[in-house]
Structures are given as C-alpha cells and as structure tokens.
Amino acid sequence: MTEMNMAHALNDALAVALADDDRVVMLGEDVGLTGGVFRVTDGLQERFGASRVIDTPVAESGIVGAAFGMAIAGMRPVAEIQFLGFSYPGYDQIVSHVGRIRNRSNHRFTAPLVIRMPFGGGIGAAEHHSESSEAIYAHTPGIKVVAPGTPAAAKGLLLAAIEDPDPVIFLEPIRVYRAIKEDVPAGRYLLPLGVAEVVRPGTDVTLVAYGAMLRDAGRAAEALATDGVSAEVIDLRTLSPLDADTIVTSAVKTGRVVAISEGHRTAGIASEVAAIVQERALYSLLAPVARVTGWDTIVPLKRTERHHIPSVDRIVAAVRRTLGD
Amino acid sequence: MDPLRILDVDGRLLGPSPLPPEEIRRLFAVLLTVRAYDHKASALQRQGRLATYAQFEGQEAAQVGSAAALRPDDWMVATYRDAAAMWMQGYPWDNLLLGRMGDERGGAPPAGVNVLPPSITVGAHMIHAVGLGWAEQMRGTDRIAITYFGDGATSEGDFHEAMNFAGVYRTPTVFVCQNNGWAISMSRDRQTASETIAQKGIAYGIPGTLVDGNDLLAVFAATRDAVARARRGEGATLIEALTQRMGPHTTADDAGRYREERSLEDWRRRDPLDRVRRHLQASGSWSEDWEHEVVTAAAAEIEAAVGRAEDLAPFGAGAAFDRMFARPTAVLEAQRAELLGEGKAGS
Ligand SMILES: Cc1ncc(C[n+]2csc(CCOP(=O)(O)OP(=O)(O)O)c2C)c(N)n1
Ligand SMILES: [Mg+2]
C-alpha cells in the first residue's frame, strides 16, 4: 500500500500493465515526451520506450482506428484522448467499428482496447474541456464504460479494463486527479468491471454517484448526518453495464434514491438509474427517485460554470425533497 | 521548396516591396500593438485574471501580414492562438479577453465583423471556411473566407475534407497554416512525413505556397495573391507560413519538457518585429520616440478593454438556458426553475 492521488495511481496501473504484458502499448497525443497534459503517463516512455508509449499526430480518429486495428491483431492498446470533448473526431470509429466488430464477425474478430479520457468540469477550463457526455458512450452497444471516483478504484479498474476481452472507455475525473489521496494496493490489483460499491452505508436514502460527483455525494452525506439523516452512498464505478443489483438492494433498504450525475439530464446516467429503480424497487419506494444532474445546456464557461455542476447544496435539497421536508 | 522571402533578417528588401513605405510603417505599429496584447494577456493570466492563454509571440508577422491582405467584410475562422489576426479583422480586444475570462459574450463580436469565435477544438473549423466562402459564391458576392490553423491541425481528418471540398468546388477559401514547429510537445517532423505542409495542396488540386512566416512582406504578398485568386473565382490556396512558437503551448504548458531553449536562439534572430524595425530604421522612418508612443497608446487601449471586460457583470445563474435555442424549450425552462429554486433553498 502506498498513498497516491488518482493521477499517480493510474500511472502505477499503466506501468504494471506495460511491465507485465508485452502486448500492451499506449498511444495518444503528448503521452510520451511530456507524460500527457495531466502527467498521467509521466515517465512511462522513458521506462518502456517510444515504441510502446507512442506520441501520435493530432488525430483522434487515427488514434482510435489504429488502436482498433492493433487490438484485432493481438495487441492490447491503451489509447489516450486528451479530453472527452476531443473524442468526437474518433466517435465514428468507436460507434461504427470498435463497438461492432465482435457482433459483425460473430466473435471471429475482437477488439480488446482501452480508450482513456479525462472528463468533467470544475477547473474553469476552456470550451470543450469540461464535457461530461459519458451517456453518449454508455448508450453505445458493444462498449463498456468505466468511471472511477477514487485513486484505488482507478488503479484496480484500469488494470481490469486492460485485461477485459472487450473495448472499454475509461473516464478519468479531471478535478479528482490530484484532489484526493488514499492507500492504493501495490502491484497487480484488479477490481471487477460492472460492479458498484457501497462506499458509505446508510438507512434513510441512497445517493448513487460516480466520478467526481462521488466526492460531493460523500460531502452531502456528511452534511445530512449532522442533521440525523443517514445516507448510503453508492459508487457506480462502471456506467455500462450498470450494476443494477447493488442499486436495487440499496433502494429496497432505504426506500429513497437520489441519482447524481454531472452529465446532461436528458437520456443521462441518472435517468438510467431511475429507470432501474422504478422497474425493480417501485413498491419499496417511499418517494419518487430524484435526479441531480448537469443541465441540458452547453457547460457554461468559467464565470458561471458553478451553476451547472451539481453542488452539495443541490444534492442535499434533493434528499430533503425525497424526505418530504 | 524555398520559402518566399522578401525582407531579410537585416531588414533589407530582396525584391520589390508589395507595400508602400507608409503601409509598412502602419503595419509595424500593428505588430507592436498585438505583441503588447500578447504580453498583457500572459501577465493577466499569471495574476489569475485570465484562464489559460495561448501566446502567439513569434507568429505576429504570419497573422498580421495575412490579415492585412483582407477586405474588412471577408470571413475569418481562426483558432485560440490567432488573436492578432482576429483583432485586425475587427474582433475587439474586449471580446478576446472575455473569452479568456470564461464569458460567452466573448464569442459575440459586433455586427458587421465576419469573424467566428476562435476554434478550440483542433481541425474542425477549416471546412467552415469552405462553407462560408461557398455561400458567398452562391449569393454572388466576391467575399472570401480565410482560415488559420496550425501544423498539428493538418493531421486531423477534417483538414483533408476541407481541402478536398475547396478543390472540388473551387471555393473562395484561403488556408493559412502557421507552421510554428510544434503541436504541444509534438515537433513538426514527427507530425507528418511530408517534407512541407504546402505540398499537401497538390494532392487536392490546390496551389500550395511556402513562405517565411516571420517576414511580414512575404506573408502579405502570398496572401494578397491567394485572396485575389479567390475573389476572381479561381479557387482556394494553401499557404504554409514557416514560423516558431516562442512561448510554451499555453500558460499551462512547460515547454522545457520537450524543447531545448537553445533551439530558439536562431529564431530569436529572425524575430518578425526586429526585421521590420531594421527596415524602417534604414529608411529613416523609425524613431525610438515614435515606437514608444505607439506602444503606450496600444497599452492604454488594451488596458481600457481589460477594464471593460472585468467590469462586465457576470451572467446570472439561469442565463445558460437562454443561450441554447432561439427560445428556451419547456424542458429548459423547467430546469431553470429548478436551479433558481434550489439556489434559494441552498442559501
Ligand atoms: C480535436 C482536438 N484534439 C486535441 C486537442 C488538444 N490540443 C489543443 S492545441 C493542440 C495542438 C495543436 O497544434 P497546432 O495545430 O500545430 O497548433 P498550435 O497550438 O501550434 O498553434 C492539441 C493537441 C484539441 N484542442 N482538439
Ligand atoms: Mg503548431
């Protein structure tokens, strides 16, 4: 165990993968020489060489498409897209090819690749740098979508994603990269994909969150605890496939669910959580499921961004609504 | 391919000047002004008054020389690093600053300024200049569209689609690639195996011109010719301006991780302002007092813009909902009510 922030934990996971498996290669813009804009790949090119940690031209369709070809041919590519908001030039590759090859070749060809992307706002960045459009990818058949909220989960899930026989989009919450530290197991450490975690047990209400919002859900639970409200917090960890069992078990226990996502509301992750709860736990509910999300607007720029990202206050207010306060 | 050069490093003319002396003097004042802005914006960023800023120091001649060849009503679609070109085409300092302060009003230049907000994503905007010019052709005007982009942007697929459309439809589009040697940490020689970017035009049936991007007069002459061709209905041109980004990629970047400081020495001798100053000195049309006056006036003008941008009251919490459609939808109105209601509950 070593105390690490998320950027460091991800770097550690990538180093383990590169050291353990010759088939693992990394490719992306500025991942080598500079170690990436968030320094997640710092030192890896020095250690593993420029033919395994590859700086590419500025071309997301090229990065994804080339990684796809490599994966089919037996490599285990880990592609990096500089920000989620820059993944769209590669979107056609993901939707039309990466997610479909197993199906259209009836298992004959498969694409075990990982596409890492930082996501989410909160750092007052320029346009396109604060996107939380993970629902687009969760909506895409044939792709798994993972979004850790803590350093240890980031390491365990990234190593599992690289081992997974299918394509995984791996979303890294930008404002968490260096914000929190925790003990991270050394060496090869895997967490299962598709499994959510109850990170704080409670009895009155369930807060379902992921990525950077996990921290705010925890803060809301703290605030509620001082008022005698016991909130259970679930870290979804994988957005597709969603771990319905963990969500439903908690919903049945508490009878109240607040689904939290920084993404836009319409057809979003929180909506999917709400649908699962009403399908499988309706008769245990004491109140309608509440959604606390980013709005259906472009993420506002720095001066007013704070009104977009769900705040602890908004989470607490939603809980109060479910409690009938 | 040797780049077109008209003014050498010592400020001597290598051929006839494409501009009369008083115009060169005026453009030198513009070079001084845009450099003053670049320095001011970097300083504001260090003080936390601007978000991340992309400096263009070293690229002033590439932007000023090309924009000087335009008519005020021509279209311009440029990037985060092209404040100088945009300002010349009428995009106010206020708007450029507001954009960097994180205010959407930065993207709204005054009516009559045909300059789109700077493109932050790399590569997607060049094809927009094809559509803009094409529309002018359809509407029977002789307005043209110019687009600015970097060496890195030529790797994106959209660059190739833009060039191809421009070639096929002979649109009045001028493509200006500022090859500043870098795309963040990626050097030009690792970005493309082509010897030059200009030669990429050949593949699309578009003339490609290589110019010394630090030579105000060469950039002007090449752009003037490309603009004239476009206005005559003869189609698009690709101009590659060879230059160098003297600063980091942005204020958030540490260029020391990938670029040797030594490699800049040569470029410093080729500074785009110094050679014009030498030229003016040789003809006796420069004085220290005059330069001082120009810089002082520019600084005051920029300072005033900073004041206005900082004093502009931020949008209210619910304003984002008004920027989405001509009229907010019922869904957006409900979300706005939720935000404003909970804002009260939370406080
Ligand atoms: C689609 C997309 N991919 C990646 C980025 C991140 N990015 C911003 S600038 C840049 C380099 C661009 O280099 P170049 O086109 O040469 O322009 P320069 O910055 O040198 O002016 C990159 C990769 C982006 N903004 N958009
Ligand atoms: Mg460049």
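Quantities reported herein were computed from a predicted structural model and do not represent experimental measurements.

Parameters and conventions
- Residues numbered from 1 in each chain as written.
- Chains lettered and ligands numbered in written order.
- Predicted model: local features only at pLDDT ≥ 70, side-chain atom pairs only at ≥ 80, totals over all residues.
- Heavy atoms only, no water.
- Helix = DSSP H or I, 4+ residues; strand = E, 2+ residues; numbered from the N terminus.
- Rg over C-alpha atoms; globule rule 2.2 N^0.38 Å.
- Buried < 20%, exposed > 50% of the residue type's maximum accessible area, 1.4 Å probe, protein only.
- Contact = heavy atoms within 4.5 Å.
- Areas by Shrake-Rupley, 256 points an atom, 1.4 Å probe, with all protein chains shown as cover.
- Lys, Arg positive; Asp, Glu negative; His and termini not counted.
- Charge placed at Lys NZ, Arg CZ, Asp CG, Glu CD.
- Phe/Tyr/Trp six-rings, centres within 6.5 Å; stacked < 30°, edge-to-face > 60°.
- Near = heavy atom within 4 Å.
- Polar contact = N/O pair within 3.5 Å; in protein donor to acceptor, adjacent residues only side chain to side chain.
- Patch = residues over 30% accessible without salt bridge, like charges linked within 9 Å, V, L, I, M, F, W, Y side chains within 5 Å.
- Salt bridge = Lys/Arg side-chain N within 4 Å of Asp/Glu carboxyl O.
- Buried area = accessible area lost by both parts, 1.4 Å probe.
- Domains from an automatic or database assignment.
- Pairing = 2+ DSSP bridges.
- Right-handed = clockwise from strand over helix to strand, strands pointing away.
- 1 Å grid on protein atoms, 1.4 Å probe; cavity = no way out; pocket = protein on both sides within 12 Å on 5 of 7 lines; lining within 4 Å.
- Points joined across faces, edges and corners; volume = space filled by probe spheres on them.
- Donors = N, O, S within 2.8 Å, 3.2 Å for Na, K, Ca; no water.
- pLDDT = per-residue confidence, 0-100.
- Axes fitted to C-alpha atoms, helices over the stretch in contact; angles between N-to-C directions.
- Expected span 1.5 Å × (residues − 1).
- Arc of directions from axis to C-beta.

Broken down by element type, chain A carries 11 helices and 14 strands. Taken against the 2.2 N^0.38 rule, which gives 20 Å for 325 residues, the C-alpha radius of gyration of chain A at 19 Å falls within 12% of a compact globule. Each principal axis of the C-alpha atoms in chain A carries an extent, and together these give about 60 × 40 × 40 Å. Within chain A, the proportion of its 325 residues that are buried is 62%. Pairs at least 24 apart in sequence give 82% of the contacts found in chain A among residues at least 6 apart. Accessible surface for chain A amounts to roughly 11,800 Å². Of this, 52% is attributable to carbon and sulfur atoms. In chain A, 31 positive and 38 negative side-chain charges are present, and the distance between their average locations comes to 2 Å.

On to the packing of aromatic side chains, then. Residues and elements named next belong to chain B. The tally for this structure, following the rule as stated, stands at 15 aromatic pairs over all chains. An angle of 35 degrees between the planes, with centres 6.1 Å apart, marks the rings of F28 and W290 as tilted. With a gap of 262 residues between them, F28 in helix α1 (residues 21-46) and W290 in helix α12 (residues 288-311) connect regions that are remote in the sequence. Consider the rings of F149 and F175, whose centres lie 6.3 Å apart with planes at 75 degrees: the pair is edge-to-face.

On to the site of ligand 1. In the region of ligand 1, 20 residues are neighbours, and A:E60, B:Y80, B:R81, B:D151 and B:G152 sit closest. Nearby residues place ligand 1 at the junction of chains A and B. B:A153 is positioned with one of its backbone polar atoms (N or O) 2.9 Å from an oxygen atom of ligand 1. The backbone of B:W182 places a nitrogen or oxygen atom 2.8 Å from an oxygen atom of ligand 1. Here ligand 1, which alone exposes 580 Å², has 95% of that area covered by the protein.

Residue and element names in this part refer to chain B. A cluster of nonpolar side chains, contributed by F165, V168 and Y169, occupies part of the molecular surface with about 270 Å² of accessible area. By the secondary structure assignment, V168 is in helix α6 (residues 157-169). Residue V168 is classed as exposed on the basis of its relative accessible area of 52%.

Counting residues at the interface gives 35 residues for chain A and 42 residues for chain B. Summed over both partners, the interface of chain A with chain B comes to about 3,300 Å²; 56% of that surface belongs to carbon and sulfur atoms. Looking only at chain A, the three residues that lose the most surface to chain B are A:V58, A:W295 and A:R303, adding up to 23% of its buried area. Across the contact surface, chain A and chain B share four salt bridges.

Segmenting chain B into domains produces domain 1 (21-315) and domain 2 (316-347). Computed from C-alpha atoms alone, the centre-to-centre distance between domain 1 of chain B and domain 2 of chain B is 37 Å.

In this section: the pairing of strand β5 (residues 114-119) of chain A. Residues and elements named next belong to chain A. Among the six residues that make up β5, six are buried, leaving the element largely enclosed by the rest of the structure. Neither face of β5 is exposed, since V114, R116 and P118 on one face and I115, M117 and F119 on the opposite face are all buried. As paired strands, strand β4 (residues 76-80) and β5 are joined by three bridges and run parallel to one another. The residue of β5 that forms the bridge with V78 is V114. The sheet contact formed by β5 and strand β7 (residues 168-173) spans six bridges and is parallel.

Turning to the pairing of strand β6 (residues 208-212) of chain B, a few remarks are in order. All names here are of chain B. Pairing between β6 and strand β7 (residues 237-242): five bridges, direction parallel. Bridging across to β7, V211 finds its partner in A241. With helix α9 (residues 216-231) bridging β6 and the parallel β7, this β-α-β connection has right-handed handedness.

Residue and element names in this part refer to chain B. Tallying each qualifying case throughout the model produces four cavities of 30 Å³ or more. For the largest cavity, the calculated volume is near 70 Å³. As for the largest cavity, its lining consists of Y37, Y53, T79, Y80, A83, M86, L96, R100 and P118.

Residue and element names in this part refer to chain B. The coordination sphere of the magnesium ion (ligand 2) contains the protein donors D151 (OD), N180 (OD1) and W182 (O), at a distance range of 2.0 to 2.1 Å. For the magnesium ion (ligand 2), the donor residues sit on a single chain with the sequence spacing D-x28-N-x1-W. Remark: W182 occurs in strand β4 (residues 182-183) and D151 occurs in the loop between β2 (145-150) and α6; sequence separation between them is 31 residues. For the pair formed by D151 and W182, the shared burial category is buried.

Per-chain confidence: chain B averages 97 in pLDDT, with 98% of residues scoring 70 or above. The ipTM value of the predicted complex is 0.96, and its pTM value is 0.97.

Residues and elements named next belong to chain B. In spatial order, the strands read β1-β2-β3-β7-β6; together these five strands make up an open sheet with parallel pairing. Single-partner strands in this sheet number two, and they are β1 (75-77) and β6. Neighbour-to-neighbour, the strand axes of this sheet turn through a mean angle of 20 degrees, independent of strand direction.

As a further point, take the pattern of salt bridges. Residue and element names in this part refer to chain B. Evaluation of the coordinates by the stated rule reveals 50 salt bridges over all chains. Note that E234 and R232 form a salt bridge whose closest N and O atoms lie 2.8 Å from each other. Note that E261 and R268 form a salt bridge whose closest N and O atoms lie 3.0 Å from each other. Looking at E261, the relative accessible area reads 53%, which means it is exposed. Classification of R268 as partly exposed rests on a relative accessible area of 42%. Connected through shared salt-bridge partners, R71, D73, E136, R139, D142 and R143 make up one network.

Moving on, we come to unusual backbone geometry. All names here are of chain A. Cis geometry marks the peptide bond from S240 to P241; its omega dihedral reads 0 degrees. In this fold, P241 is placed in the loop between β12 (238-240) and α9 (244-254). Even without being glycine, D30 reaches a positive phi, approximately 65 degrees. If you trace the backbone, D30 turns up in the loop between β2 (24-28) and α2 (44-48). Its relative accessible area of 5% is what places D30 among the buried residues.

Residues and elements named next belong to chain A. Over its 13 residues, helix α3 (residues 60-72) runs 18 Å from end to end, which matches the ideal 18 Å to within 8%, given 1.5 Å per residue. For α3, the complete set of buried residues consists of E60, I63, V64, A67, F68 and A71. Along the long axis of α3, the arc covered by the buried residues comes to 130 degrees, so they all point the same way. For α3, the elements touching its buried residues are β2, β4, α4 (91-98), α5 (101-104) and β5.

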